[in-house]
Amino acid sequence: KQEVTQIPAALSVPEGENLVLNCSFTDSAIYNLQWFRQDPGKGLTSLLLIQSSQREQTSGRLNASLDKSSGRSTLYIAASQPGDSATYLCAVDNFNKFYFGSGTKLNVKP
Amino acid sequence: EPEVTQTPSHQVTQMGQEVILRCVPISNHLYFYWYRQILGQKVEFLVSFYNNEISEKSEIFDDQFSVERPDGSNFTLKIRSTKLEDSAMYFCASSPQGNEQFFGPGTRLTVL
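Not measured: the values here are computed from a predicted model.

1. Remarks on the overall build of chain A
- Per the secondary structure count, chain A includes zero helices and eleven strands.
- Starting at the N terminus and walking to the C terminus, you meet the elements of chain A as β-β-β-β-β-β-β-β-β-β-β.
- In terms of overall size, chain A behaves like a compact globule, its C-alpha atoms giving a radius of gyration of 13 Å where 110 residues would be expected to give roughly 13 Å.
- Projected onto its principal axes, the C-alpha coordinates of chain A cover approximately 40 × 25 × 20 Å.
- For chain A, buried positions account for 46% of its 110 residues.

2. Section: the interface of chain B and chain A
- Residue-level contacts link 20 residues of chain B with 23 residues of chain A.
- Summed over both sides, the interface between chain B and chain A buries roughly 1,700 Å², with carbon and sulfur atoms accounting for 52% of that surface.
- If you look at where chain B meets chain A, you find zero salt bridges.
- At the junction of chain B and chain A, the tally comes to four residue pairs in polar contact (both at pLDDT 80 or more).
- Breaking the side of chain B that touches chain A down by element, the ones donating at least two residues are β4 (31-37), β5 (43-50), β6 (53-57) and β9 (88-95) of chain B.
- Partitioned by chemical class, the residues of the side of chain B that touches chain A number eight nonpolar, seven polar and five charged.

3. Focus: the nonpolar core
- Formed by 24 residues in total, the largest nonpolar core has its most connected members in Leu33, Trp35, Leu75, Ile77 and Tyr88 of chain A.
- Contributing elements (two or more residues each) for this core: β3 (19-25), β4 (32-38), β5 (44-51), β7 (62-67), β8 (72-77), β9 (86-93) and β11 (104-109) of chain A.
- The contacts of Leu75 of chain A, once residues within four sequence positions are left out, are Leu19, Val20, Leu21, Trp35, Leu47, Leu48, Leu62, Asn63, Ala64 and Tyr88 of chain A.
- Among the nonpolar cores identified, the runner-up in size contains 22 residues, and Val19, Leu21, Ala88 and Val111 of chain B belong to it.

4. Let's talk about empty space enclosed by the protein
- Going through the model one piece at a time under the given rule, you end up with one cavity of 30 Å³ or more.
- Looking at the largest cavity, its volume works out to about 60 Å³.
- Together, Asn32, Gln34, Phe36, Ala91, Val92, Asp93, Phe98 and Phe100 of chain A together with Tyr35, Asn99, Gln101 and Phe103 of chain B line the largest cavity.
- Those elements giving two or more residues to the lining of the largest cavity turn out to be β4, β9 and β10 (98-100) of chain A.
- Residues that form the lining of the largest cavity fall into these classes: seven nonpolar, four polar and one charged.

5. Quick notes on the sheet that holds strand β7 (residues 65-68) of chain B
Residues and elements named next belong to chain B.
- Spatially, the four strands line up as an open sheet ordered β1-β3-β8-β7, and their pairing is antiparallel. Of all the strands in the sheet, just β1 (5-7) and β7 have a single pairing partner and so form its edges. Averaged over all pairs of adjacent strands, the angle between strand axes in this sheet comes to 20°, irrespective of strand direction.
- Sheet topology note: the β7/strand β8 (residues 75-79) ladder contains four bridges and is antiparallel.

6. Brief notes about the pattern of salt bridges
- Applying the stated criterion to the full structure yields three salt bridges over all chains.
- Residue Asp84 of chain A is joined to Arg61 of chain A by a salt bridge in which the shortest nitrogen-to-oxygen separation is 2.9 Å. Note that Asp84 of chain A is positioned in the loop between β8 and β9 and Arg61 of chain A in the loop between β6 (56-59) and β7, a separation of 23 residues in sequence.
- With a relative accessible area of 30%, Arg61 of chain A lands in the partly exposed category.
- Across the pair Arg36 of chain B and Glu44 of chain B runs a salt bridge, and its minimum N-O distance is 2.9 Å.
- Residue Arg36 of chain B is classed as buried on the basis of its relative accessible area, which comes to 11%.
- By relative accessible area, which is 22% here, Glu44 of chain B ends up partly exposed.

Conventions adopted
- Residues numbered from 1 in each chain as written.
- Chains lettered and ligands numbered in written order.
- Predicted model: local features only at pLDDT ≥ 70, side-chain atom pairs only at ≥ 80, totals over all residues.
- Heavy atoms only, no water.
- Helix = DSSP H or I, 4+ residues; strand = E, 2+ residues; numbered from the N terminus.
- Rg over C-alpha atoms; globule rule 2.2 N^0.38 Å.
- Buried < 20%, exposed > 50% of the residue type's maximum accessible area, 1.4 Å probe, protein only.
- Contact = heavy atoms within 4.5 Å.
- Buried area = accessible area lost by both parts, 1.4 Å probe.
- Salt bridge = Lys/Arg side-chain N within 4 Å of Asp/Glu carboxyl O.
- Polar contact = N/O pair within 3.5 Å; in protein donor to acceptor, adjacent residues only side chain to side chain.
- Nonpolar A, V, L, I, M, F, W, Y, C, P; charged D, E, K, R; others polar.
- Core = buried A, V, L, I, M, F, W, Y, C linked by side-chain atoms within 4.5 Å.
- 1 Å grid on protein atoms, 1.4 Å probe; cavity = no way out; pocket = protein on both sides within 12 Å on 5 of 7 lines; lining within 4 Å.
- Points joined across faces, edges and corners; volume = space filled by probe spheres on them.
- Pairing = 2+ DSSP bridges.
- Axes fitted to C-alpha atoms, helices over the stretch in contact; angles between N-to-C directions.

Here is the structure:
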């Protein structure tokens, strides 16, 4: 069964720092990987989708990479802002079965 | 911008009662999903639905659960006889082509 792990579980940084969130998965036979943010008590907001044939995707200050062979993805956030404070989740698609990590709770201090 | 909507936002029910959670996916999306998140735990996949039938389901999605697309807009999750451990946030999601998923705000289900 697919296991998805996210490290670190929590991260606190001062505003303006660049940071990297990590996601690892045990079964590399994935269709795609998606990064989300979740604000407290709210739903999930899609950030980036990486198809299995892609190595990275970029949206604004966010860049996500995917290395299927090693079972890893990273989410890079440039010039972090207090509004980036949220829990960041990665999810892998094992051909229509989906597995989420526990998330990284990010706090960006003004 | 189109959004997935879910009703109700909070449902309280007695153990053993049936509940129906409702979702309106984004128009023109073809794939639909239900997830749950027990407080403090991971988001868990329940079921995916395409072309009016279940594509995949997890081990959680047993005979107590069912899904339906009763008309062209709604997508429902029914729990036949709720248990205390069904208390969770239930999220609906939709996808245009089975790739990027868009989530609704969730329904908090409390079973007493």
